[in-house]
Amino acid sequence: MHTTSASTAPYAALLLRVSLAILFFAHAGLKYFIFTPAGTAHFFESVGVPGWMAYVTMTWEFLGAIALLVGFMPRLAALALIPVLLGAIFTVHGAAGFWFTNPNGGWEYPAFWIIGLISLALIGDGPYHLKASFKS
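Residues numbered from 1 in each chain as written. Predicted model: local features only at pLDDT ≥ 70, side-chain atom pairs only at ≥ 80, totals over all residues. Heavy atoms only, no water.

Draft legend 1. Layout of the environment of Val84. Among the secondary structure elements, Val84 is positioned in helix α4 (residues 74-93). The exposure class of Val84 is buried, given its relative accessible area of 16%. Between the alpha carbons of Val84 and Phe72 there is a distance of 19 Å; along the sequence they are 12 residues apart. Excluding residues that lie within four positions of it along the chain, Val84 makes contacts with Thr57, Trp60 and Glu61. (Helix = DSSP H or I, 4+ residues; strand = E, 2+ residues; numbered from the N terminus. Buried < 20%, exposed > 50% of the residue type's maximum accessible area, 1.4 Å probe, protein only. Contact = heavy atoms within 4.5 Å.)

This is the structure we're talking about:
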């Protein structure tokens, strides 16, 4: 029986944390630089979501990406980012079917992304993370 190496498992968490951060930076950047905030808000409205939620989503993705990258409460950050992806599934990708190559992109990619976030929350922070201290 093969067991997880205690010496390398934390680096798997680090790799996952940084990879997830890069994906969220990319998606926030896509909404901001390519679609523009106003265009993103218009798209949200076109799928029945209030336009102001576009700004919340872009901010949430960006702040979540920073938290993951620097390792600030990454387990909590990972869990806090799941609603963004669930929103994408329920408003756009779910109706497009499973395959992400379908028109409007199916739900396979955001669902797998959620699994990555849950995995990080279960695995832990990994090395090179900021320790949150709430002592007064």
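More follows now that the structure is in view.
Draft legend 2. Here's a closer look at the pattern of salt bridges. Under the defined criterion, the tally for this structure stands at 1 salt bridge. As a salt-bridge pair, Lys31 and Glu61 come within 3.0 Å of each other at their nearest N and O atoms. A residue pair is termed long-range when its members are at least 10 positions apart, and Lys31 in helix α1 (residues 9-34) and Glu61 in helix α3 (residues 52-70) qualify at 30 residues. For Lys31, a relative accessible area of 12% translates into the label buried. Residue classification places Glu61 among the buried residues on the basis of a relative accessible area of 3%. (Salt bridge = Lys/Arg side-chain N within 4 Å of Asp/Glu carboxyl O.)

Bear in mind that shape data such as this cannot, by itself, settle questions of function.
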